[in-house]
Amino acid sequence: MNWIEVFLIPFIKSLVLILALLTGFAYMTYYERKVLARFHVRYGPNRAGPFGLLQPVADAIKAIFKEEIIPAHVDKWVYLAAPVLALIPALIAFAVIPIGPDLNLFGRQVSLYIADVNIGFLYVLAVASVGTYGVILAGWSSNNNYSLLGALRTAAQMVSYELPLGIILVAVVLTTSLATGEGSLSLVGLVQQERPWWVWLWLWVAFPIFFICMLAETNRSPFDLPETENELVAGFQTEYGGIKFALFFMAEYIHMITASAIMATVFFGGWQGPFVDRWPALGILYFVVKVILVLFLFLWVRASVPRVRYDQLMHFCWKFLFPVSLVYLAITAVLVALL
Amino acid sequence: MTSVAPATVADPVETKEFRDVEARLRERFPAAVLDVERAFGEVDFTVRAADLLSVARFLRDEPGLEFVHLADLTAVDRSALPPRQRKPGDKRFAGIYHLFSFSGRRRIRLTVPAEGPDSKPTIPSLYPLWRSAFCMEREAYDLMGIHYEGHPDLRRIMMPWDWVGHPLRKDEPLGGEEVPFSMTWNDPEFATLGKQIMDPPPTKAPLPKGVDPTQHMVLNLGPHHPATHGVLRIALELDGERIVSAHPDTGYLHSGFEKQGEHVRYKDFVPYTDRMDYTSAMCNNLGYCLAVEKLLGVEIPPRAQAIRVVVAELQRIAAHLIWLATHILDTSGTGMSLLMYALREREMILDIFEMICGARMTVSYVRIGGVWKDVPPAFVPKVEEFCDLFLRRLDEYERMLSRSVVLRKRLEGIGVLSKEDAISLGVTGPLLRGSGVYYDLRKLAPYSGYDRYEFDVPLSNRGDSWGRYEVRMQEMRQSIRIIRQALEDVKRTEGEPCKTTDRKVALPPRDELDTSMEALIHHFKLVTEGIKPPPGEVYFGHENPKGELGFYIVSDGGPKPYRLRVRGPSFVNIFATDTMARGQLLSDLIAIIGSIDIVLGEVDR
């Protein structure tokens, strides 16, 4: 235990991770615009830099240098705190996700995660719930009817969809005890664990449900009801502009990246892949590719599935997803108990 | 499911002279009918104001008459008419009503002289009989200053609330005065304009009648809202997300086309029609030209008629594509893809328009007496190519949309409009047909040779947004059917004139000017004076993509219309929102507005 291990390494790791996530966010917008454009028979951004690659930079500069407007009728401090509150949980949720196997850097064994807490799953769920506060406070402090409606929708939607999400995760945790006899709530442990092929198959059965919940959790189309442009103008962000708006945007996209990372970790083995034993750095590549592929699913759904109505969304959750996930959990429990 | 209408409809009652209507009216109300006039194949009953309600009720409910559709309601200021068109004892203002009978397939006009002084001419309101009178009477009140007794909420609808006077009165000048928009500096609502965000004004917008802000949340939807398609404002009374009442507020885009029409020559009004419902410019051109041609009594050569039908149907498809794109975008959000696909097809139509007249949206291609110019040789193959391609693309859309469970759930049972409500509210076009009423003027009062083409009128008995969606999707297929048949006519009449040979209406060909003195004189007269139709009044209604677009023209024999009234389908349709939206959710309102398919340029004119 020296100061290098306790402070410096976690600090550097956090810094690198945050920078990577922010860059990831910037290029996520580029990726989304390009992919959606192709779905729409368009080109997408192609002016700034080669292939439009500098577009995110231009967007960032624009957002930062916009005039700061704080409407007079808002609750100022809450109004300012809300975007920050929305962004932080999205960032810190990443702390428990392993990005790759341990690497040998500068003569030190460096693990590619910030923290291997033994309650990794619970941590993810808890942090994701805190994200709701940012949205609700934004809607409330804006003192605007559209914002309020958007915020109320968010509250109901996120609370509802966390239930099936949590239940599926419980089922996943149950399966971890299959291989070694003792279960684990750690995401790092989950990736390192060897699991037989039929466990993978059984997990993939739950993937669609989990994915739908994640869509709702991240407020992505077709569950983007808190900010339905066509009904609520911009929902909870109506009164936000400039960099504050960008922070919400950032929160949403980093949420998406985090969600994809969780799905890649839980359902597709995280950084695992062929030849990782020989070249551990390959693990990072596998992880990134898996995350990008899951992110593509988000975009694909956005381009092709119409949005549901708010009450239908809630019905869908409580009358379909919730029972189905319960049944899935029950079957998993029985299987685990039998084997 | 869409039911295709019966191929044959009731034959029109063969009484061009409307003798039966006159006889029954005179028998029932001996003192009410002051005068009967017949001209241009129309009949005009002058009815005493005091008896209007009972006469209208009789006309609506009496078996054999059944004039159930209040097609148009407006007013005329007759103070500047030349003496030969005025009868002794004529009142200055007259209410004009057009009633249509679905069963008899005929239209009559009631002229009701307004009682009272010029400052407050009064006519009883027709609101108890037709709810469509709500918006049209408000418009006549706003623009002409007629007071309708018994109207529930008679206030301005187009002009700003502090406007003094009534613009369509003949003593109101056209120009030279300050033109206030709805934001004027002495409007207390806008006293803090530009500071609203930083320093909110303590003023409150006046609430529509019957809205209770202490019980419910009042949401101001628009005029700058992504889903209102322009500057429409709807004052919503919400209970949670459920709609208690919805009050459309129009007039933000009012540009006084009717007043303009009284100050330009007949042919010069064609470009104005482009700008009313800018998604269906060709159809507007056609409707206006047909109205003037009815007044002139000119014969249009078959080639021009066929070309008109082709371009009008192409425009109908283009307009429906815009509707499809925006409607799906509004209801589903993800319909961005569909928006792009639909615009891709519309682009082909606009390319065809560009080829025939050089303009893409504001075409002014259909002219009085024919069309501007003959179509180029590439026109026919291009349209054929479009027809083939479009049917395939339409199948693609239907695969994407009609089978989508999510979309069905969004549209089914939303904004239900019963048959009775639809007729009472005066809605027309796909909105009315979506409620199962067989009303398509291309069939009921054929023009431009539509009676020669075979096509069905898609109907749906559902009355909800899904029904209207199906009707419009089917209509696009029927339009392709009509285009194919009309295109055969275009091919067959190759080389024939596409303008009337009546030299008092259309310019002579250029080469004739070198050889013929006559032609030169006609040319000179037409260019300097313009067309001079005979005195009289006509109403012509035609089937626009959005519904019945009617032009009511009063001519005093001069080169400019004396009164030009435009009956915009969107204007009447949008006032059905309240009936359709009550009890639905806020999200449904968006689906409802989308399924009404409005263009604000036409609502406000």
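Remember, it's a predicted structure, so these values are computed and weren't measured experimentally.

A. The arrangement of the overall build of chain A in detail. Counting its regular elements, chain A contains eleven helices and two strands. Walking chain A from its N terminus toward its C terminus, one meets helices and strands in the order α-α-α-β-β-α-α-α-α-α-α-α-α. Against the compact-globule benchmark of 20 Å for 339 residues, chain A has a radius of gyration of 21 Å, which places it among compact chains. Principal-axis analysis of the C-alpha atoms places the extent of chain A at approximately 60 × 50 × 45 Å. Relative to all contacts within chain A whose residues are 6 or more apart in sequence, the contacts with residues 24 or more apart total 77%.

B. Up close: the sheet that holds strand 2 (residues 33-39) of chain B. Residue and element names in this part refer to chain B. Read across the open sheet, the five strands follow the order 2-3-6-5-4; overall the sheet is mixed. Either end of the sheet is taken by a strand with one partner, and the two such strands are strand 2 and strand 4 (69-77). Taken over all neighbouring pairs, the strand axes of this sheet differ in orientation by 20° on average, direction set aside. Strand direction decides the pairing type here: strand 4 and strand 5 (residues 93-101), joined by eight bridges, are antiparallel.

C. Broad picture of the pattern of salt bridges. For the structure on display, the rule yields 58 salt bridges over all chains. Ionic pairing is found between Asp59(A) and Arg33(A), a salt bridge with its closest N-O pair at 3.0 Å. Residue Asp59(A) is located in helix 2 (residues 55-65), and its partner Arg33(A) is located in helix 1 (residues 3-39); the two are separated by 26 residues in the primary sequence. With relative accessibility at 36%, the residue Arg33(A) sits in the partly exposed group. Note that Glu543(B) and Arg433(B) form a salt bridge whose closest N and O atoms lie 2.9 Å from each other. Separated by 110 residues along the polypeptide, Glu543(B) in strand 15 (residues 536-544) and Arg433(B) in helix 12 (residues 430-433) bring together distant segments of the chain. A relative accessible area of 0% means that Glu543(B) is categorised as buried. Through salt bridges with shared partners, a single ionic network connects Glu313(B), Arg316(B), Arg433(B), Asp440(B), Arg442(B), Glu475(B) and Glu543(B).

D. Structural view of the packing of helix 14 (residues 465-492) of chain B against helix 19 (residues 586-596) of chain B. Residue and element names in this part refer to chain B. Here helix 14 crosses helix 19 at 30°, and the two axes come no closer than 10 Å. The angle between the axes of helix 14 and helix 19 places the two elements in the roughly parallel class. Read as a crossing pair, helix 14 and helix 19 show a hand that is left-handed. In this structure, helix 14 uses Ser465, Arg468 and Arg472 to contact helix 19, whose residues at the interface are Ala591, Ile592, Ser595 and Ile596. Of the residues assigned to the contact of helix 14 with helix 19, the class counts are three nonpolar, two polar and two charged.

Definitions and cut-offs
- Residues numbered from 1 in each chain as written.
- Chains lettered and ligands numbered in written order.
- Predicted model: local features only at pLDDT ≥ 70, side-chain atom pairs only at ≥ 80, totals over all residues.
- Heavy atoms only, no water.
- Helix = DSSP H or I, 4+ residues; strand = E, 2+ residues; numbered from the N terminus.
- Rg over C-alpha atoms; globule rule 2.2 N^0.38 Å.
- Contact = heavy atoms within 4.5 Å.
- Pairing = 2+ DSSP bridges.
- Axes fitted to C-alpha atoms, helices over the stretch in contact; angles between N-to-C directions.
- Salt bridge = Lys/Arg side-chain N within 4 Å of Asp/Glu carboxyl O.
- Buried < 20%, exposed > 50% of the residue type's maximum accessible area, 1.4 Å probe, protein only.
- Parallel < 35°, antiparallel > 145°, perpendicular 65-115°, else oblique.
- Left-handed = near helix turned anticlockwise from the far one by under 90°.
- Nonpolar A, V, L, I, M, F, W, Y, C, P; charged D, E, K, R; others polar.

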